[in-house]
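Observations on the model geometry
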Amino acid sequence: MNLTVHNQYESESKTSTVILFLSFSVLSSCICKIIFSKFLKNKIPLPFTVAVLLLGFLIDIIATQVNSINNNFLHGELQLSQINPHLMYYIFLPLLIFDSSFNGHFHVIKQQLIPAILLAGPGVLISTGIIAVCGIYIFSYNWSWLTGLMFGSILSATDPIAVVALLHDSGASKSLASLIDSESLLNDGSAFVIFIIFHDIIVNGNHSARKILVDIVKYSIGGPVFGLICGIISVFILNRINNELEIEITFTFGLAYLIFYVSDVELGVSAVLTLVTMGLYMSKYKYCISSNVQPAMASAWRIATYFINILIFTVTGIILARSFIGTATNISAKDFGFSIILYIMIHIGRIVTIVILYPLIKCSGVCLSWKDCIVLIWSGLRGSMSLILVLIVSLDTKIDIITRHRFLFHISMIVLLTLIINGTSSKYLVRILGLHHGTKESEIVLLQALEHVRRQTSWKLLKMKEDEKFTDVDWRNLNEYLPDKLLEELDEENNTNYHRQLSTTTTAANDTSFIYNQQSFHRDIPELPTSSNLIVPIIDIVYSSDNRHEENIRNELIIRFLTAMSIDYEKQWYLGMIRRKTLNILIKSVEQAKQKCSLGLHWKLILENFRLTFFLQYLIHFDYFHLINQWTNQLFFNHIFQTIELTLSFHAAKTRLDNIRLQFPELCNLNERIMSEVCEEVKMYQLNAMYILLDLKQSYRLCWIIQMTRRCAQMLLKYESITIIQLYETGILAENEYSHILELIEKKLFNLEYGNIQMFGNRKKILEKPLDLLSYFQELSLIEKLQWEIRLKSGHRWFQPGTNLLEKNQRVTCAYWIIRGIVQCQDKTMTTYYKCGDIIGIDALFNDKSLAYDTYHANSGLVETYLIDSVILHDLLSDEKLSRLIYDEIAVHTMMNHFRKSINLTHSQFKMLLNEKSKFYKKKSDLFIELQLNQRVFLLSGTINRYLNNKQQITYNSIDLILIDSPTIYKLNPSSIIYTWTYDDERYYLNLKKSQIHCLTNDNKDMNSTEPFYPLYSGDSIEFTPRRHSSSITRPIENINNLQFIPTEIDANDEHDIPQEFSSFIK
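Residues numbered from 1 in each chain as written. Predicted model: local features only at pLDDT ≥ 70, side-chain atom pairs only at ≥ 80, totals over all residues. Heavy atoms only, no water.

**Notes on the packing of aromatic side chains**
Rules: The rule is short: rings of Phe, Tyr and Trp, with Trp giving its six-membered ring, pair when the centres are within 6.5 Å, and they are stacked under 30 degrees, edge-to-face over 60, tilted in between. The numbering of helices and of strands both runs from the N terminus, where a helix is a DSSP run of H or I of at least 4 residues and a strand a run of E of at least 2. Exposure is judged per residue with a 1.4 Å probe applied to protein chains only, and the accessible area is read against the type maximum: over 50% gives exposed, under 20% gives buried, and values in between give partly exposed. Consider the ring centre and the ring normal. A charge sits over the ring if Lys NZ or Arg CZ is within 6 Å of that centre and within 35 degrees of that normal.
Following the criterion strictly, the structure yields 37 aromatic pairs and no others. For the ring pair tyrosine 887 and phenylalanine 920, a centre distance of 5.9 Å and an interplane angle of 40° mean the geometry is tilted. One end of the pair, tyrosine 887, is in helix α36 (residues 883–898); the other, phenylalanine 920, is in strand β9 (residues 919–922), and 33 residues separate them in sequence. Residue classification places tyrosine 887 among the buried positions, given a relative accessible area of 3%. Connected via pairs of aromatic rings, a cluster forms that spans Phe139, Tyr141, Trp143, Phe151, Phe338 and Phe407. Its end group placed over the ring of tyrosine 219, lysine 218 keeps NZ or CZ at 5.2 Å from the ring centre. Here lysine 718 stacks its cationic end above the ring of tyrosine 574, 5.8 Å away from the centre of that ring.

**Overview of the pairing of strand β3 (residues 815–820)**
In the case of a regular strand, side chains alternate between the two sheet surfaces. Spelled out, the test is: For two strands to count as paired, DSSP must find a minimum of two bridges between them.
Buried residues dominate β3, accounting for six of its six residues. Here five bridges tie β3 to strand β8 (residues 863–868), and the two strands are oriented antiparallel to one another. Bridging across to β8, alanine 815 finds its partner in isoleucine 868. Judged from the two bridges that link them, β3 and strand β6 (residues 839–840) form a sheet pairing that is antiparallel. Within β6, the residue paired with tryptophan 817 across the bridge is isoleucine 839.

**Focus on the pairing of β8**
In terms of burial, β8 is largely enclosed, as six of its six residues are buried. Here β8 shows two buried faces, one formed by Val863, Thr865 and Leu867 and the other by Glu864, Tyr866 and Ile868. One ladder, built from four bridges, connects strand β1 (residues 796–799) with β8; its direction is antiparallel. Within the sheet, the bridge partner assigned to tryptophan 798 lies in β8 and is glutamate 864.

**Observations concerning the packing of helix α25 (residues 599–608) against helix α29 (residues 672–699)**
Put simply, the rule is: Angles here are taken between N-to-C directions and fall from 0 to 180 degrees, while the axes themselves are lines fitted to C-alpha atoms, restricted in helices to the stretch in contact. Working rule for angles: under 35 degrees goes down as roughly parallel, over 145 as roughly antiparallel, 65 to 115 as roughly perpendicular, anything else as oblique. Each crossing gets its hand from how the near helix is turned against the far one by less than a right angle, where anticlockwise is left-handed and clockwise is right-handed. Whether two residues touch is decided by their heavy atoms; if any such pair falls within 4.5 Å, the residues are in contact. Here the term charged refers only to Asp, Glu, Lys and Arg, the term nonpolar to Ala, Val, Leu, Ile, Met, Phe, Trp, Tyr, Cys and Pro, and the term polar to all other amino acids, Gly among them.
Contact geometry for α25 and α29: axes closest at 10 Å, N-to-C directions at 15°. Classified by the angle their axes make, α25 and α29 are roughly parallel. The way α25 lies across α29 gives a crossing that is right-handed. Of the residues in α29, those in contact with Leu599, Gly600, Trp603 and Leu607 of α25 are Val678, Glu681, Val682, Tyr685, Asn688, Ala689 and Ile692. Considering only residue class, the contact of α25 with α29 consists of eight nonpolar, two polar and one charged.

No statement about biological role is implied by the geometric values presented.
Put into structure tokens, the structure is as follows:
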């Protein structure tokens, strides 16, 4: 009994020594990183993972030479070297694969998806075939095709972690880094599928084509389908969890392991492809993670993957060393030569793959230069996946031992060679090819930013110098902390010459040498320069006449504006102004627009979300059942609610764009003309957004009120949060009280996102009736309204954004009476916007057999209309309560389309003139009117007779504008419909504020202004960090539950603290 207990204790003690060895390995790896970064200043181009692998390799080589029985450290190393590869597969792989997909940038990966699939699909097959040919015909092992293909599949899985990290850090082509990363993500799954198929054939002897086909479909399709289902469920669950840090982080970790196991063991599909698909789907909806949890989530995954990479490459180094020693009996000198040949053949296969697939990659829209192709070829490193697969083979006793040893030796050699040679030389290769910098234009922007830092620091030093509290500062010791010194260190680390490229100015403001004189802190301060002696630009930029260069400058500015908008959207979400669903739409459109360098594409993609779905369109027309109608109203109400939220978010982002120009005026130095054009383009889209908001406010009043109420509630809760924090910081509230109150506030914020605003008096959330919006019917009785509603219902139509209502020169058979939405008509001189109450094409319909004057289209959102045919138009004109208003509408359109140049008034101005100043004559038989000098007569229909002094008579036909140059008498006929007004009336309305939009508001708001007219959060900003990749710098995890203050954004109107040299840019 005692002997049994002793043996059990001894066994457990030996097993626990693994912890000792792993702890030593992790600490040693961290020390290596510190030595490389702090002491060697990253001068040795050895990737960290390669250094860890070599460390494990050396430890095992040394350990095998030491014969110490009672050494716990060596026992731990021995236990780890004998680790089951299936254990590595289930412990390490799920986290690494899920991290790469979940913390990746989905919208960037999406752009590279087709090339990545080509490289991970046909590319892996080509690579597998070439390596198999090498193993069969070059190696003298007499391998069969099945053995060769299994060998090739193991070596087809790439692990370019070192190259990708290098490309990301250097600021090189983001698309190239994303393509390499995406390929690695997908080809792990495809290589594993091929390996499993051939391994199963060799081990079990099942060669049937049916079995192979079933396996291919099961692994390649079953995995992604199951992953997509799991992703949808996971996003749904996470969206219902709010700021539960421990739950949300633990959920993602547990999810990765659970789904990996279920797909691999229970369902028998590709676990790798399952996790990749699920991770990418969750990355697409990355805001399913609560705003306060996101930084902590990124930090947790970063730490986990960092730790796992240390462990896996340490174990890899040990296994490599053991493989060399363990296979020594079956390996000869020529096998080393075969490994060198195999290393060369792998790169030849990579070249062949790129050459064959290059035309298809180019057709997918991804343009790779020859430099990019070289990096793509050289990035084919082999790593942990290849080692795990070959270890699975090495432990399979159904395969002969000599083949297993040769597999283990050659694949270990390839992993070692690619990691050491390719991984180490990648930095030099990228530098030789000139890819370690961004584009020329991005460097110009960077230089302006660096000079901005230098000037701002100089100004701050001036302020310090003036402050008596800094009297005892030794200014001579500040050299090490000035931007110039930082730039020198930056150039030294990255092998750049930014410091030399920064031009020096002769103004005293840029001459920072004066700060080192400590004699008198008042006398040594030079006077700040005025705008008259300021040298602009700050940096001497040689402007190129090349159109390509100007286009690149424009693209750089647009990308930075879009990035600023993306950050603003995330901040709006963080402040509770928008929901997660809305944020996902906005970020998706921004990322797609950044790929195309187009602000217009961002706005266009937002407009696409204003469109009604096919299902909702069908429900709107299917209005036979009350219950279905209620559901339709709710769905439509939610759609409009989201439309308002999207437009509000886009328009509210203008504040951040304005601050860019104030905080970074040096942007104008890049190219003032291009900067002005980009800013004008931004303003144009902001104006369009404001027009839509004004229409939404008027057309969907109840929905607008709910949105404004929700925003106000969010603001109140944020103000309450700030107050609670202030009370806690002053000691008024205890920590438990502070935490509990903040938790209650967070719950209310969460309920505002997924709950509903309760309307006062239990009002139902239904849209206003169309006739209630049309001012024409306000004077009618309820019975009359009901009659017209029934009459017009059959012609009720919805038009999607971008749809044309009328084409230019189209025969008009019906007009469109706008109920909701904005219709745009643009000619050579101006753009006219039509809104609720306007009747498009009514002039052509009234004048039978007329053509549409121009193209009218729903440019900026949904448009709801009634179709007006000739019969309905006749009934409208026959109704005494409506006829004058309808005739006014016909007259406005006719006048604008035929006589705009003669009166020089806009659509809205002339409509106001007709309503307020004009005299209207309708079918007054034998009526004589006397008109004086400078009066106007507009004949809409029929004829009129003019009598001259000599009693001669002139007849005027319909659609004519007569300018009275002397007192004249006119006789009206039974068919005459005319308007008269004076020239002074025209001048009065001409002097009113011109507006190209047709009276979207009832006040005299300047429509060229884009200032918000809706609630905006104006309090102190609480801590906010935009979510980026897991490799980005994040806040400490322990502070994530605390709302902390950060400085608010610079007020655009607060210039009293800006030095004169900077304010001159603004003015």
